[in-house]
Every structure is written in structure tokens, then in C-alpha cells.
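If you want the building blocks of each chain, they are given just below.
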Amino acid sequence: MDISVIVPLYNEAESLPELHAWIQRVMEENGFSYEIIFVNDGSTDGSWQVIEDLAARFSEVKGIKFRRNYGKSPALFCGFRRAEGDVVITMDADLQDSPDEIPELRRMIVEDGYDLVSGYKQKRYDPLSKTIPTKLFNATARKVSGIKNLHDFNCGLKAYRRDVVKNIEVYGEMHRYIPYLAKEAGFTKIGEKVVHHQARKYGSTKFGLDRFVNGYLDLLSLWFLSRFGLKPMHVFGLLGSLMFILGFIAVLIVGFGKLYAMSAGLPYRLVTDSPYFFIALTMMILGTQLFVAGFLGELISRNSNLRNNYQIEKEL
Ligand code: UDP
Ligand code: MG
């Protein structure tokens, strides 16, 4: 099969027939064999009914129905697991992404050899309250992930080589960082295509401004995981040791300073009268705690089922 189109959706009943007809038209014009996997993320409107009707009429239409709303990432995860096409396309259900982009996205994967091609909504039809934070967000994501050529990490319209979606695990709200996940998994040929974007025709957005706060926290987590996920001691141990050593040196200075002053007959005071004593104490305690956090982290990662999860491309 040439293409799998995965559409995560939450309460998008009005858009679905139009979206399906549009995808179908594009596929038929280009002679692709395809499947469309609608992942109904616990919609409370008539979305599932629409999907059932479509699936009854068209053999290319497949559906997954969640019992409740889990989020876009879990929806994509289940779609990825099911996809059979050589190229996998994800797109939002709200008709903001245009299926007309599919042939070119596929060409970039098949002919230009990209692992992942992300859409770039250069001209957006979204409110300013969304576009400005989005710019900031993408700048940070570029910096942290090291994928310097992407302008729009969170674009719903993306194309993947099948290997990519079978070898990454999207979870939580990590759909914003799929290119980063792909890069960490060793799929480094990541490209971008400017795509048309339209204002939402039906329904309303499912994400509020909290997306930016959560987005930043998730980015931090990913960065940490990719750096230290399997070797937490390298960060906690280092910080802990540094703190402990500094604290210990400070204690020595305070203690020996007093002993020296006593033996030399100089005026002296209780070590507990010196602020340095308390600073030193705190540093030693924090240092020990960081160290223990490192050990605990090691214990956890030793038990992680990801500890020996490698991407083996070929074996002979
Ligand atoms: N979506 C989903 N589960 C959710 C929230 C959203 O499957 O919990 C889908 C939604 O139906 C749409 C896509 O994710 O197909 C993108 O959502 P939306 O258009 O609301 O996001 P925006 O365009 O505002 O970034
Ligand atoms: Mg949208």
C-alpha cells in the first residue's frame, strides 16, 4: 500500500465527510493505493457514526474508537501502530490542513529520501494569540532539539517513512515533538514543506493557551530524557558531588579557622554564629540528596524496558 493517512479527531463530525471526499479525490487523481485511519479520540458528538457510515461505504476507511478522550498523542500512537502504508501521513480533521499537499509530501519521502517531512504553515489563519507564542515555541524547540531547519514542529500535517512511525513512541502530549523523537531514534533526514493553511471551518480548537506551558515542560522532559534518561547519575551525581565538596570545604574553613584563632590567641566566636556554617551545612545536605536522587534514577532506569532499546537498521 502506498499511503496511510491518519486522522486523529475529537468532536469533528461536520468536517469528516468533506475531509474524506477530499482525500479520496486526491488519491484517485494520483492513482495511489491508500487507507484512511480515523482515530476517534472519545468524541461526544456524532463523529463515530460518521466514521462508521464512511467505513461501510468505502473499503479504504478504517476507524479506531477510544472509549474516552485521551489526547492527540495517544490517538496518533494507535494510528501509527495500525498503519500499513509505505508512507504515513498525519493530518488534523478540522480541514485546516489540505490533502492536496499529500502527493508532494509523499514524493519528498520516496524520491528525495526524507525520513520525515513536516508541514510549515508559513501563512497561518489563526488568531495572533496563537501565532506569536508559536513562533517563540518553535525557536526554543529548534534550539533544544538541534533540528535547525524546522519552523513548525507542531504542524498536524506530516509525512513519514513507515519505519519512522513503527520505531518511535508518541505518548502524553509529545505529538508536538515528533521530529525530535524521530531524530533521537536516528532518523535524521528531516525536511519541511510549506503548506497551505486554512481557517477552521467547523467546530473550535481543542487546545487552549496552556498548550504553551505544557509544551515547554514537555520539551524540558524530552531534553532531559534524551541526555540523561539512561544515565541519571551523570547529572545528579555530578551536581551532588560538586555541592557536597563545596560544602565540605566551607566546613573545613569554618572549623579550622576557629581552631587557628583559638590556638593563636585571637578573638573567636561559635561556629554556629557564622553564616558560612549554615551555608556549608545546607550544601552538604543538598549534595547528598542529589546524589541519592542519582542512585534512585539509576535503579529506575536499570529496570526500564527501554534500557536496551536500540534502533538496528540492518543486520547481515
Ligand atoms: N484532537 C484529538 N484529541 C484531542 C484534541 C484534539 O484527536 O484531545 C485532534 C483534533 O480533533 C484535530 C487535531 O487533533 O483533528 C488538532 O486539534 P485542533 O485543530 O483543535 O488544534 P489546533 O489546530 O488549534 O492546533
Ligand atoms: Mg486545527
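Here, the structure is the one placed above.
Residues numbered from 1 in each chain as written. Chains lettered and ligands numbered in written order. Predicted model: local features only at pLDDT ≥ 70, side-chain atom pairs only at ≥ 80, totals over all residues. Heavy atoms only, no water.

Participant: So what exactly am I meant to see when it comes to the overall build of the chain here?
Facilitator: Counting secondary structure elements, the chain contains ten helices and seven strands. The C-alpha radius of gyration computed for the chain amounts to 27 Å, which surpasses the reference 20 Å derived for 316 residues by more than 25%, pointing to a less compact arrangement than a globule. For the chain, the C-alpha atoms occupy an extent of roughly 100 × 55 × 35 Å along the three principal directions. Evaluated residue by residue, the chain yields a buried proportion of 44% over its 316 residues. Across the chain, every contact between residues at least 6 apart in sequence was considered, and the portion connecting residues at least 24 apart equals 79%. When the accessible surface of the chain is summed, it comes to about 17200 Å², and 59% of that surface belongs to carbon and sulfur atoms. Seen as two clouds, the 38 positive and the 36 negative side-chain charges of the chain have centres 7 Å apart. (Helix = DSSP H or I, 4+ residues; strand = E, 2+ residues; numbered from the N terminus. Rg over C-alpha atoms; globule rule 2.2 N^0.38 Å. Buried < 20%, exposed > 50% of the residue type's maximum accessible area, 1.4 Å probe, protein only. Contact = heavy atoms within 4.5 Å. Areas by Shrake-Rupley, 256 points an atom, 1.4 Å probe, with all protein chains shown as cover. Lys, Arg positive; Asp, Glu negative; His and termini not counted. Charge placed at Lys NZ, Arg CZ, Asp CG, Glu CD.)

Participant: What is the right way to read the site of ligand 1 from this model?
Facilitator: The full set close to ligand 1 counts 18 residues, and Glu-12, Asp-41, Asp-94, Thr-205 and Lys-206 are the nearest of them. One nitrogen or oxygen atom from the main chain of Ala-93 is found 2.8 Å from an oxygen atom belonging to ligand 1. Within the shell around ligand 1, the residues separate by chemical class into five nonpolar, four polar and nine charged. (Near = heavy atom within 4 Å. Polar contact = N/O pair within 3.5 Å; in protein donor to acceptor, adjacent residues only side chain to side chain. Nonpolar A, V, L, I, M, F, W, Y, C, P; charged D, E, K, R; others polar.)

Participant: What am I meant to see in the sheet that holds strand S2 (residues 34–40) here?
Facilitator: Across a sheet, strands are paired by hydrogen bonds formed along the backbone, either parallel or antiparallel in direction. Pairing within the open sheet is mixed, and its seven strands lie in the order S3-S2-S1-S4-S6-S5-S7. On the outer flanks of this sheet lie strand S3 (61–65) and strand S7 (190–194), each paired with one strand and no other. Ignoring which end each strand starts from, the neighbouring axes of this sheet average 20° apart. The strands that helix H1 (residues 16–30) touches are strand S1 (3–9), S2 and S3; relative to S2, the one it contacts most, it runs at about 160°. Of the strands in this sheet, S1, S2 and S3 touch helix H2 (residues 47–57), which is tilted by about 150° from S3. (Pairing = 2+ DSSP bridges. Axes fitted to C-alpha atoms, helices over the stretch in contact; angles between N-to-C directions.)

Participant: I keep staring at H1 and nothing clicks. Help me out?
Facilitator: Here H1 spans 21 Å end to end across 15 residues, near enough to the 21 Å set by a 1.5 Å rise per residue. Burial in H1 covers these residues: Leu-16, Leu-19, His-20, Trp-22, Ile-23, Gln-24, Val-26 and Met-27. In this fold, the buried residues of H1 make contact with S1, S2, H2, S3 and helix H4 (102–110). Looking one or two residues beyond H1, the residue adopting positive phi is Gly-31, at roughly 65°. (Expected span 1.5 Å × (residues − 1).)

Participant: Can you help me understand unusual backbone geometry in this one?
Facilitator: Here Asn-11, not a glycine, exhibits a phi torsion of approximately 55°, which is positive. Tracing the backbone through its elements, the reader meets Asn-11 in the loop between S1 and H1. Positive phi outside glycine occurs at Leu-95, with the angle close to 65°. In this structure, Leu-95 sits in the loop between strand S4 (87–90) and H4. On the basis of relative accessible area, Leu-95 is assigned to the buried category, the value being 3%.

Participant: Explanation requested: the coordination of the magnesium ion (ligand 2) in the structure shown.
Facilitator: Tetrahedral coordination by four donors puts the ideal angle at the metal at 109.5 degrees, and octahedral coordination by six puts it at 90 or 180 degrees. The protein atoms that coordinate the magnesium ion (ligand 2) are Asp-94 (OD) and Gln-96 (OE1), at distances of 1.9 Å. The exposure classification of Asp-94 matches that of Gln-96, with both residues buried. (Donors = N, O, S within 2.8 Å, 3.2 Å for Na, K, Ca; no water.)

Participant: What is the right way to read the environment of Val-235 from this model?
Facilitator: Secondary-structure assignment places Val-235 in helix H9 (residues 233–263). C-alpha separation for the pair Val-235 and Met-91, spaced 144 residues apart in sequence, amounts to 38 Å.

Participant: Hey, could you run me through the pairing of S4 in this one?
Facilitator: Sheet faces and side chains relate simply in a regular strand, where the side chains alternate between the two faces. With burial as the criterion, each face of S4 is covered, one bearing Val-87 and Ile-89 and the other bearing Val-88 and Thr-90. Pairing between S1 and S4: four bridges, direction parallel. What sits directly across from Ile-6, in S4, is Thr-90. Pairing analysis gives four bridges linking S4 to strand S6 (residues 158–161), with the strands arranged antiparallel. Each bridged residue has a counterpart across the sheet, and for Val-87 the counterpart in S6 is Arg-161.

Participant: Can you walk me through the pattern of salt bridges in this structure?
Facilitator: Pairing between side chains becomes possible if they bear opposite charge and their charged atoms approach one another. Going through the model one piece at a time under the given rule, you end up with 19 salt bridges. For Asp-126, the salt bridge identified is with Arg-124, shortest N-O distance 2.9 Å. Each of Glu-12, Asp-94, Arg-200 and Lys-206 takes part in a single network of salt bridges with overlapping partners. (Salt bridge = Lys/Arg side-chain N within 4 Å of Asp/Glu carboxyl O.)

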